[in-house]
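Structure assessment
Residue strings, one per chain:
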Amino acid sequence: MYRFIDFNDEKIDSLLVMELSDLAKTLVKDSEYEVELRVHSYLDTADKKIYASHFWNHRSEIYMISGMKSDVYLRALGNYYFTDQKVVHKFIDWSQSTKLPRFAKQLFALAEDLRLEEICKRKRPGMRREFTNRRKVYLGFFQNQWKVNMERSLFTDVLFNLAYLVWNTQTPLFEIPGIHADINPVLSPYRKNLEYLFDARSTNDVAKNCMQIVTLLEDFVKRDLLNDYFHLHNSETQEQPINYRDLLRKDKLINDDQSEEKAAGDEEFFKEEMKTWHRETSEPGKNFLQFDLDQGTQTDIFTNEAREGEAGDQALAIVKGKAGKSQYKDYSDMEDLGRKNDGGDPVHAPYGLENRYAEAIFLSPSLPKNEEISQYQLYKESMTLYQKKLKRTIDMTLEHKKQLPRTRLQIGRLNKNVIDFFTDDQKRLFYKKTEKSTKIDAVFSLLVDCSASMQDKMEETKKGITLFHEALKSVRVPHEITGFWENANDATQERQPNYFSQPITFSNSLKRKTGPEIMQLKAEEDNRDGFAIRVMTERLLSRGEKQKFLIVFSDGEPAAFGYDQNGIIDTHMAVIDARKKGIEVINIYLSVNGVGDEQRKVFQNIYGAYSLISPSIETLPELLFPLLKKLLLKSLNE
């Protein structure tokens with residue numbers, strides 16, 4: 001997508017973010033943790049997020065990857081296990097009462113990271129390379145910052161830069177140069193206090209030394225730190241009480257269906273708990289009998305309400321089950337406790353967490369007008385050559401397969417050439433004529449981006465869609481064509497309506513008069529690609545054909561309500577899920593003014609090697625014809 005002005009050209013490498021997420025989950029031993037990119041790196045235990053810093057962008061690949069991995073190491077292995085959050089809370093509260101709160105918090109964050117870095121290298125020696133690259137980049141960065149801040153007379157920033165240089169100097173003879181006549185007297189005790197941090201063994205030791213340094217500088221420094229180098233996050237998880245029931249194992253339902261009947265809103269809810277006693281219970285309770293529902297049909301009723309008990313209520317139940325031998329205190333196969341919805345919950349987020357409030361609305365086409373019929377006939381005539389060439393190729397392939405014999409068999413028809421009887425040790429003199437099916441066992445779905453940026457490409461795109469429809473119709477391959485967009489005006493935090501216009505459906509794709517409805521597709525608003533791909537995947541999986549293909553026409557990265565940062569990753573995950581289910585997903589990138597390296601990399605991150613780029617919109621039919629030919633021949637050879 002061509003932009004005259006691009007204010008934020010930060011492109012997310014979805015494969016790298018997924019790799020970092022897997023790394024974080026492994027280190028914290030919790031599959032709910034995710035990695036995202038932000039200005040600064042920190043750990044958020046409340047939302048179970050680890051943030052890697054944008055600081056590493058626009059550097060060589062080796063330093064970028066090493067830097068982001070080192071961020072994950074420090075948060076997932078360092079802060080998660082070895083940082084005392086209570087001490088952090090106390091230090092943040094104390095820093096607000098000082099004259100240098102920004103300096104105090106960033107100094108603490110830097111000192112704690114350096115302490116945790118040594119712990120990480122000691123626990124996991126394989127992390128040394130990433131931390132070495134991290135120090136090398138930061139050392140050059142703070143040396144440049146020291147020079148810049150000296151020129152701008154930002155003396156508090158200079159002192160912070162010097163702190164990093166003192167802690168990471170490669171020589172014991174490093175001397176702190178003079179800064180200003182009012183600050184020079186404090187440089188010697190300042191360095192001495194910085195060196196005390198080498199002996200810090202805990203978060204509390206770091207906090208005490210940072211307090212001494214801040215107290216020392218308050219009388220000499222007139223203003224606080226100007227720049228933001230690091231971030232000290234104040235996590236609130238310590239104040240949240242842990243519910244006992246959140247610690248219990250939650251087994252998944254045996255069946256995974258959903259009720260077709262919707263809740264009317266006047267239902268009554270009953271929820272009762274009674275303790276049970278068995279051989280693994282440490283202390284028997286006064287009451288017993290507990291029911292855990294692990295089989296049943298899922299409904300959309302929310303069970304957050306309860307009614308008061310009545311005098312006439314009685315407990316009556318008939319329980320049928322079975323018992324078996326168990327290993328005492330054997331928890332090796334126990335599932336994760338308190339699992340959140342990660343997009344795999346078929347009730348609350350069947351299309352991924354980023355799309356849990358997205359709503360699919362299917363639109364049926366209206367009867368085509370005379371102008372649309374005439375326009376379609378023009379497009380159809382211009383595509384006739386491609387359509388006939390494709391049909392001829394498929395017919396010849398089918399005829400060849402129908403007559404191609406299988407030779408060198410032990411049973412069947414006797415071959416006229418019996419020389420093999422005398423020359424071969426294994427006597428294979430028979431052959432069979434294989435009657436292959438003349439039907440192509442494949443189904444196609446074409447997904448067309450109808451976002452506003454398609455305004456100048458839609459007419460030429462319709463020519464490609466016409467070729468797609470007429471070519472597949474001529475060889476009797478079922479298919480559907482769907483345009484998708486999100487209504488930006490109606491999108492809210494709780495609801496994002498996504499529209500799917502289907503001019504061609506599986507049921508009418510092979511009918512003779514279908515096609516002019518394609519002319520009704522037009523550019524609309526936003527595009528939520530990951531959600532659209534998951535919806536189409538669901539429709540393709542309901543088909544019985546062996547080969548399933550999903551072709552996505554788009555002209556840029558996903559853009560929708562609350563979808564800006566994670567849209568690329570969500571779309572990539574949707575593509576991976578579809579491919580795991582046996583659906584081949586192919587992207588065709590539509591361009592008017594050529595393709596830049598950044599855009600090329602974005603689509604490579606989303607679709608991998610299965611992304612075709614049309615250098616100009618006029619060449620779309622020439623690009624689509626060989627693609628259809630290759631996919632159809634592949635279906636015949638399966």
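Residues numbered from 1 in each chain as written. Predicted model: local features only at pLDDT ≥ 70, side-chain atom pairs only at ≥ 80, totals over all residues. Heavy atoms only, no water.

1. Re the confidence of the model for the protein
Across the protein, pLDDT averages 79, with 74% of residues at or above 70. Under a pLDDT of 50 for its full length, residues 302–307 has, in the predicted model, 8 contacts with residues more than four places off or in other chains. (pLDDT = per-residue confidence, 0-100. Contact = heavy atoms within 4.5 Å.)

2. Side note on a positive patch on the surface
On the surface, Lys388, Lys389, Arg392 and Lys629 cluster together into a positively charged patch. By residue number, the principal contributor to the positive patch is helix 10 (residues 384–403), which donates 3 residues. Examined against the element boundaries, Lys389 turns out to sit in helix 10. By relative accessible area, which is 36% here, Lys389 ends up partly exposed. (Patch = residues over 30% accessible without salt bridge, like charges linked within 9 Å, V, L, I, M, F, W, Y side chains within 5 Å. Areas by Shrake-Rupley, 256 points an atom, 1.4 Å probe, with all protein chains shown as cover. Salt bridge = Lys/Arg side-chain N within 4 Å of Asp/Glu carboxyl O. Lys, Arg positive; Asp, Glu negative; His and termini not counted. Charge placed at Lys NZ, Arg CZ, Asp CG, Glu CD. Helix = DSSP H or I, 4+ residues; strand = E, 2+ residues; numbered from the N terminus. Buried < 20%, exposed > 50% of the residue type's maximum accessible area, 1.4 Å probe, protein only.)

3. Focus: the nonpolar core
Counting 75 residues, the largest nonpolar core has Phe103, Phe160, Trp167 and Leu217 as its most contacted members. Tallying contributions element by element places helix 4 (residues 101–123) first for this core, with 11 residues. Discounting chain neighbours no more than four positions away, the residues touching Trp167 are Leu107, Leu110, Ala111, Leu114, Arg135, Leu194, Leu197 and Phe198. (Core = buried A, V, L, I, M, F, W, Y, C linked by side-chain atoms within 4.5 Å.)

4. With respect to the sheet that holds strand 3 (residues 49–53)
Overall, mixed pairing links the 3 strands, which are arranged 1-3-2 in an open sheet. At either end of the open sheet lies a strand with only one pairing partner, and these are strand 1 (34–38) and strand 2 (42–44). Direction aside, neighbouring strands of the sheet carry axes that sit 25° apart on average. One ladder, built from 5 bridges, connects strand 1 with strand 3; its direction is parallel. Each residue of the ladder has a partner; that of Glu34, found in strand 3, is Lys49. Sheet strands touched by helix 1 (residues 14–28): strand 1 and strand 3. Its angle to strand 1, the strand with the most contacts, is close to 125°. (Pairing = 2+ DSSP bridges. Axes fitted to C-alpha atoms, helices over the stretch in contact; angles between N-to-C directions.)

5. Focus: the pattern of salt bridges
If you walk through the whole model with that rule in mind, you get 25 salt bridges. Among the salt bridges present, the one from Lys473 reaches Glu470, with a minimum N-O distance of 3.5 Å. Linking Lys473 with Glu470, this pair stays in helix 12 (residues 458–474), spanning 3 residues, or about one helical turn. Taken together, the shared-partner salt bridges connect Glu117, Glu118, Lys121 and Arg135 into one network.

6. Some words on unusual backbone geometry
Of note, the phi angle at Lys29 is positive, near 60°, even though the residue is not glycine. Within the secondary structure, Lys29 is located in the loop between helix 1 and strand 1. The residue His58 is not glycine, and still its phi comes out positive at about 60°. Note on His58: relative accessible area 69%, which makes it exposed.

7. Some details on the pairing of strand 9 (residues 479–486)
Among the 8 residues in strand 9, 8 count as buried, and that is most of the element. Alternating residues of strand 9 divide into His479, Ile481, Gly483 and Trp485 and Glu480, Thr482, Phe484 and Glu486, and every residue in both groups is buried. On the question of chirality, the crossover connecting strand 8 (residues 442–449) to the parallel strand 9 by way of helix 12 is right-handed. Pairing geometry for strand 9 and strand 10 (residues 496–504), over 5 bridges, is antiparallel. The residue of strand 10 that forms the bridge with Ile481 is Ile504. (Right-handed = clockwise from strand over helix to strand, strands pointing away.)

8. Section: the packing of helix 7 (residues 187–196) against helix 8 (residues 203–217)
Axis separation between helix 7 and helix 8 bottoms out at 9 Å; the angle between their running directions is 170°. Comparing the axis directions of helix 7 and helix 8 gives the class roughly antiparallel. Contacts between helix 7 and helix 8 involve Pro189, Tyr190, Asn193, Leu194 and Tyr196 on the former and, on the latter, Asn209, Gln212, Ile213, Leu216 and Leu217. Counted by class, the contact of helix 7 with helix 8 contains 7 nonpolar, 3 polar and no charged residues. (Parallel < 35°, antiparallel > 145°, perpendicular 65-115°, else oblique. Nonpolar A, V, L, I, M, F, W, Y, C, P; charged D, E, K, R; others polar.)

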